[in-house]
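# Descriptive analysis of the structure
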Amino acid sequence: MLDLKVNPSSSIFAEQPIDVLQEMAAYEALWNQSTASFKALATIFRENPNAIPSEFFKTDELNAIAVELRKHFGKPENNKGYNACLFRTADYPTRLRDAEHPIEFFYYRGELDLAFSPKSVAVVGTRSPSEEGVRRTRKLVAHLVNSGFTIFSGLAKGVDTAAHRAAIEHGGRTVAVIGTPITEVYPKENADLQEEIANKHLLISQVPILRYSKQTYMGNRFFFPERNITMSALTDATIIVEASETSGTLIQARAALKQNRKLFILDSCFENPTITWPAKFAERGAIRVRSFEDITGHLSDATPSRL
Amino acid sequence: MRLQVVSDAHLSEHHHLTSDDDCYFFGEFTAGRDNWTPVKSLVHNLKKLPGEVGYSPYKAEAIEKAINYLAGIINSNSIEKITLVPVPPSKRSDDPKFDDRIWTVLCGLQEKLKGSYRLDIRKLIYQTESYQASHTTVNRITPQELEDIYRVDEDSALPEPSMIIVIDDVLTSGCHYRAMHSVLSKRFPSAKIKGIFLARRRVDYGAIFGSPA
């Protein structure tokens, strides 16, 4: 037998239905506060378990922010189909709750279905890969696409770009989780790729548009590692192709293990005498990949069909 | 779980609805190649007809899920004040493609709440003839044409409902809701009317954030 929730008001609804435009403005309003961070926001919602962003603001405040935001969205004739997904609605990917500081909200363009891919992996690595690194990325992605995996990456130069492009070339599905606002193009040379992913695949950004527009690169660069944590949470596993000792990719490696996701590191990383991180992650549970079967073998039983 | 409001920003995609309509949805339906979001997967399976691939067991699972979705959003304090009314299926009951899925969901919900709550569900509107379902034809039926074939079932009209919630699976143009609203408000002028949809159809990824104030 089912039980219903009690709402002391006379509303017919157990909880006030949400207006996505208002929540979007409220998310931006939360980020307009100087103390905002993904950790601080996650704390607010942990302490107010049923709250939604708009409950912290007056309607007037939100309307003012909505006006400001619309300037970033452009004119209707240039409509790019911006959309947003909010926690507590039916189509929020619950796997995001595995992150240490789960995001309540993200912007997207394209097919939200891909955030629920039955088989998904993130393929990530350095912005300046070796030729061999690019070749490995392409070969790996071709195999993954043929096995039905959706390829997630971060749309950065280097390995990310190679991963997205290879996924598209092989007729696969790809998701870009970007560290810049959904309304911005970054990096410039990937403008066409970003547009193609937004139109035919899925482009996701948790970056607040207004806050980003008001601060310099020094403040905005912190959004990049945060999207790696989200990318890991959205996928079954992360595969690192090539990364230096100080690479942002390693943020994702740590997140994957913390979130109980599989972490794969290509064998070539272990053979590189100038870096020590592969061995450290292997000690903590990362899987060394010598053949494609090392990946599929570990993922087949961990990826029940979610269709 | 929370419902989402069909706001003015969505109206260009549901052109028969007006700003005065009070409608809600759980998620969005787009015509992409996959049906992987929870709501799309639910709607996709709920619409399956006997003989279609995946009818069994997915249809039954979808019905169960839809029941839970609805149960999750109703205020227990208000449940005895509302009347849930399904949009009639596009086919008459003697048509082989007749599918009374929304009624099945409402009956399931009533059954599950039995013992704790008295849920009023009624087929207040029936239709006198079949027509092409709106998602399978180009020449779409108009609200007026629908009104002409919709009838209030006087046998279930009493007690007079005060808060009617029209339930349907997918909000497309808003044609059915408008026709239901029109017929119901003429017969029950003092009743408030709202619409709850499992999904709203989003066209070409929509335009909601592209339009200036």
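Attention in this report is confined to the structure presented alongside it. (Residues numbered from 1 in each chain as written. Chains lettered and ligands numbered in written order. Predicted model: local features only at pLDDT ≥ 70, side-chain atom pairs only at ≥ 80, totals over all residues. Heavy atoms only, no water.)

## Observations concerning the sheet that holds strand β4 (residues 120-121) of chain B
All names here are of chain B. Defined as follows: One requirement defines pairing of two strands: DSSP has to find at least two bridges between them. Numbering of helices and strands runs from the N terminus, with a helix taken as a DSSP run of H or I at least four residues long and a strand as a DSSP run of E at least two residues long. Note on definitions: a residue-residue contact is assigned when non-hydrogen atoms from the two residues lie within 4.5 Å. Fitting a line to C-alpha atoms yields each axis, with helices limited to the stretch in contact; the angle taken between N-to-C directions then spans 0 to 180 degrees.
Taken together, the six strands give an open sheet; going across it, the order is β1-β2-β8-β7-β3-β4, and neighbouring strands pair in mixed fashion. Looking along the sheet, the strands with just one partner apiece sit at the ends: β1 (4-5) and β4. When strand β3 (residues 82-86) meets strand β7 (residues 163-171), the two strands line up parallel, connected through five bridges. Residue pairing in the sheet places L84 in a bridge with I165 of β7. Packing against the sheet, helix α1 (residues 38-46) makes contact with β2 (23-29), β7 and β8 (192-201), and its axis sits at approximately 95° to β8. Packed onto the sheet, helix α5 (residues 175-187) meets β2, β3, β7 and β8 and runs at close to 170° relative to β8.

## Describing the pairing of strand β8 (residues 262-266) of chain A
Looking along a regular strand, one sees side chains alternate from face to face of the sheet. All names here are of chain A. Rule in force here: Residue burial is assigned from relative accessible area. The probe radius is 1.4 Å, only protein chains are included, and a residue is buried under 20% of its type maximum, exposed over 50%, and partly exposed in between. By convention a crossover is right-handed if, when the strands point away from the viewer, the path from the first strand over the helix to the second runs clockwise.
Most of β8 is tucked away, with four of its five residues classed as buried. The sheet contact formed by strand β7 (residues 237-240) and β8 spans four bridges and is parallel. Looking at β8, one finds that I239 is bridged to F264. The parallel pair β7 and β8, bridged by helix α10 (residues 249-258), forms a crossover whose chirality is right-handed. Of the strand pairs in this sheet, β8 and strand β9 (residues 287-289) are connected by three bridges, and their pairing is parallel. Counterpart to I265 in the pairing with β9 is R288.

## Things to note about helix α13 (residues 292-299) of chain A
We count it as follows: Along the arc lie the directions from the helix axis toward the C-beta atoms.
Buried within α13(A) we find F292(A), I295(A) and L299(A). The arc that holds the buried residues of α13(A), viewed along the axis, is 70°, so those residues lie on one side.

## A closer look at the packing of aromatic side chains
Remark: the centre distance and the inter-plane angle together describe each pair of aromatic rings, the angle taken between the planes. Residue and element names in this part refer to chain A. The following threshold applies: Only Phe, Tyr and Trp rings are paired, with Trp represented by its six-membered ring, and only when their centres lie within 6.5 Å; those with planes under 30 degrees apart are stacked, over 60 edge-to-face, the remainder tilted. By definition, being over a ring means that NZ of Lys or CZ of Arg is both within 6 Å of the ring centre and within 35 degrees of the ring normal.
The final tally for this structure, using the stated rule, is 16 aromatic pairs over all chains. Centroid distance W31 to F38: 4.8 Å. Interplanar angle 65°. Geometry classified as edge-to-face. Here W31 and F38 have matching classes, each one buried. Consider the rings of F45 and F56, whose centres lie 5.7 Å apart with planes at 85°: the pair is edge-to-face. In this pair, F45 is assigned in helix α2 (residues 38-47) and F56 in the loop between α2 and α3 (59-73), connecting sequence segments 11 residues apart. Clustering of aromatic rings is evident, with ring pairs tying together Y27, F73, Y82, F105 and Y107. The residue whose ring lies beneath R109 is Y82, and the NZ or CZ to ring-centre distance is 5.7 Å. The ring of F149 has K119 lying over it, and the distance from NZ or CZ to the ring centre is 4.8 Å.

## Some remarks on the pattern of salt bridges
The condition that has to hold: Salt bridge, as used here: a side-chain nitrogen of Lys or Arg that lies within 4 Å of a carboxyl oxygen of Asp or Glu.
Enumeration over the complete set of coordinates arrives at 33 salt bridges over all chains. Residues D267(A) and R288(A) are paired through a salt bridge, measuring 2.5 Å at the closest nitrogen-oxygen approach. Of this pair, D267(A) sits in helix α11 (residues 267-270) while R288(A) sits in strand β9; the two residues are 21 residues apart in sequence, bridging distant segments of the chain. The shortest N-O distance in the salt bridge between E28(B) and R202(B) comes to 3.6 Å. Highlighted residues: E28(B) in strand β2 and R202(B) in the segment after β8, separated in sequence by 174 residues.

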